[in-house]
Amino acid sequence: MTINYSTILDHMVATAREAGALTLEHFKRFRDIEIGIKGPGDFVSDADMQSETLIRDRLLSQYPWGLTGEEFAPVDGSNNDHRWLVDPIDGTTNFIYGQHYTITISLRRGNETICGLVYNPVADEMFTAMKGEGAYLNGVRLKVSASEDVALMCVGTGLPTPNLSLHAGAYQRLDAIRAPIGAVRVVGSAANSCAYVACGRLTGYYEETGFIDTAAGILLVEEAGGIVTDWWGRGADVYEKTGTLIVANPATHAYLLDNLRSAPPKNSAS
């Protein structure tokens, strides 16, 4: 059976918009949101769970494949070749403080991402990509920044609280890259940070983060002409497992690679 991925992407977009409308109703009352804590600095809200439930229902009713999300246990489907990846609110900390957040959905076929989206409901920005077909923001084709000047680089990252051993060395890595560049920005959503690289609002982004959050964003950057590796220049077979990610235009990628190489590699990727 021939699968029409363009039609599937349209369905993903409609689903993300519906989840965006749902989450915005919570967002408008952000001061009253009930917050749960999954771990240090790792929050969850009723909106996360309601958004993922909606997305699961809409996707699986049409395409009953496997699905892995942030808030519930993975499910297997009727087609082992395909799997949905869903983060119903990427940037939950942003969300509960009334700041921009995203919804991200990807479709994997085997070991590759075929199509994906990153949706910012607050700004109504829908970033979409299909493998080999380019990356788009609200229908306008994207290209990463062409800037090569180190002094004009604008680099995104995330800064965890210092007691999180998961992100050991984050502040040392920031010190290693920040002196000569133009700016560092913490967007607060890995998916949105990748999307910002794809459209040129950031020249690069690096972080240790989850693949569910970034699968669609990685595709966006690649389809917009950017480069994606881990901190030591290794490919998807490594960074999909470790989350040690660089996404950037060519010049910023080279700069970040040179300055992040001293970070000790994870044992699982050695």
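One can find the structure itself at the top, above this paragraph.
Residues numbered from 1 in each chain as written. Predicted model: local features only at pLDDT ≥ 70, side-chain atom pairs only at ≥ 80, totals over all residues. Heavy atoms only, no water.

**Topic: the sheet that holds strand 8 (residues 135-137)**
Paired through their backbone hydrogen bonds, the strands of a sheet run either parallel or antiparallel.
Piece 1. Within the open sheet, the 7 strands sit side by side as 3-4-5-6-7-8-9. Their pairing is mixed. If you trace the sheet from one side to the other, it starts and ends with strand 3 (66-69) and strand 9 (140-141), each paired once.
Piece 2. The pairing of strand 4 (residues 82-90) with strand 5 (residues 102-109) spans 7 bridges and is antiparallel. By the bridge assignment for strand 5, Arg83 is matched with Arg108. (Pairing = 2+ DSSP bridges. Helix = DSSP H or I, 4+ residues; strand = E, 2+ residues; numbered from the N terminus.)

**Some words on the pattern of salt bridges**
Piece 1. The tally for this structure, following the rule as stated, stands at 10 salt bridges.
Piece 2. Across the pair Glu112 and Arg109 runs a salt bridge, and its minimum N-O distance is 2.9 Å.
Piece 3. On the basis of relative accessible area, Glu112 is assigned to the partly exposed category, the value being 26%.
Piece 4. Glu125 serves as the salt-bridge partner of Arg201, at 2.7 Å between the closest nitrogen and oxygen. Remark: Glu125 occurs in strand 7 (residues 125-130) and Arg201 occurs in the loop between helix 5 (190-199) and strand 12 (204-208); sequence separation between them is 76 residues. (Salt bridge = Lys/Arg side-chain N within 4 Å of Asp/Glu carboxyl O. Buried < 20%, exposed > 50% of the residue type's maximum accessible area, 1.4 Å probe, protein only.)

**A closer look at the pairing of strand 7**
Piece 1. Counted residue by residue, strand 7 has 6 buried out of 6 residues, so it is predominantly covered.
Piece 2. Neither face of strand 7 is open: one carries Glu125, Phe127 and Ala129, the other Met126, Thr128 and Met130, and all of them are buried.
Piece 3. Examined bridge by bridge, strand 6 (residues 112-120) and strand 7 share 6 bridges and lie antiparallel to one another. In the strand pairing of strand 7, Val118 is matched with Phe127.
Piece 4. As defined by bridge partners, strand 7 adjoins strand 8 across 3 bridges and the pair is classed as antiparallel. Bridge assignment links Ala129 to a residue of strand 8, and that residue is Ala135.
Piece 5. The hairpin formed by strand 7 and strand 8 contains 4 residues between the paired strands, and Gly132 there has a positive phi angle of roughly 80°.

**So, a nonpolar patch on the surface**
Piece 1. A cluster of nonpolar residues, Leu159, Tyr171 and Val186, forms a patch on the protein surface that exposes about 250 Å² of accessible area.
Piece 2. Looking at where Val186 falls in the secondary structure, it is placed in the loop between strand 11 (183-185) and helix 5.
Piece 3. Assessed through its relative accessible area of 49%, Val186 is described here as partly exposed. (Patch = residues over 30% accessible without salt bridge, like charges linked within 9 Å, V, L, I, M, F, W, Y side chains within 5 Å. Areas by Shrake-Rupley, 256 points an atom, 1.4 Å probe, with all protein chains shown as cover.)

**A word on the nonpolar core**
Piece 1. Grouped together as the largest cluster of nonpolar side chains are 34 residues, with contacts concentrated most on Phe127, Leu142, Leu220 and Val247.
Piece 2. Ignoring sequence-local partners within four residues, the contact set of Leu142 consists of Phe127, Ala135, Tyr136, Leu137, Ala198, Cys199 and Ala224.
Piece 3. Trp65, Leu107, Cys115 and Leu117 belong to the second-largest nonpolar core, a separate cluster that totals 24 residues. (Core = buried A, V, L, I, M, F, W, Y, C linked by side-chain atoms within 4.5 Å. Contact = heavy atoms within 4.5 Å.)

**Here we look at the sheet that holds strand 10 (residues 154-156)**
Piece 1. Read across the open sheet, the 5 strands follow the order 11-10-12-14-13; overall the sheet is mixed. For this open sheet the edge positions go to strand 11 and strand 13 (227-229), each flanked by a neighbour on one side alone. Direction aside, neighbouring strands of the sheet carry axes that sit 15° apart on average.
Piece 2. With 3 bridges connecting them, strand 10 and strand 11 associate as parallel partners. Among the inter-strand pairings, Gly156 is bridged to a residue of strand 11, identified as Arg185.
Piece 3. Those strands touched by helix 4 (residues 170-178) are strand 10, strand 11 and strand 12, and its axis lies near 160° from that of strand 12. (Axes fitted to C-alpha atoms, helices over the stretch in contact; angles between N-to-C directions.)

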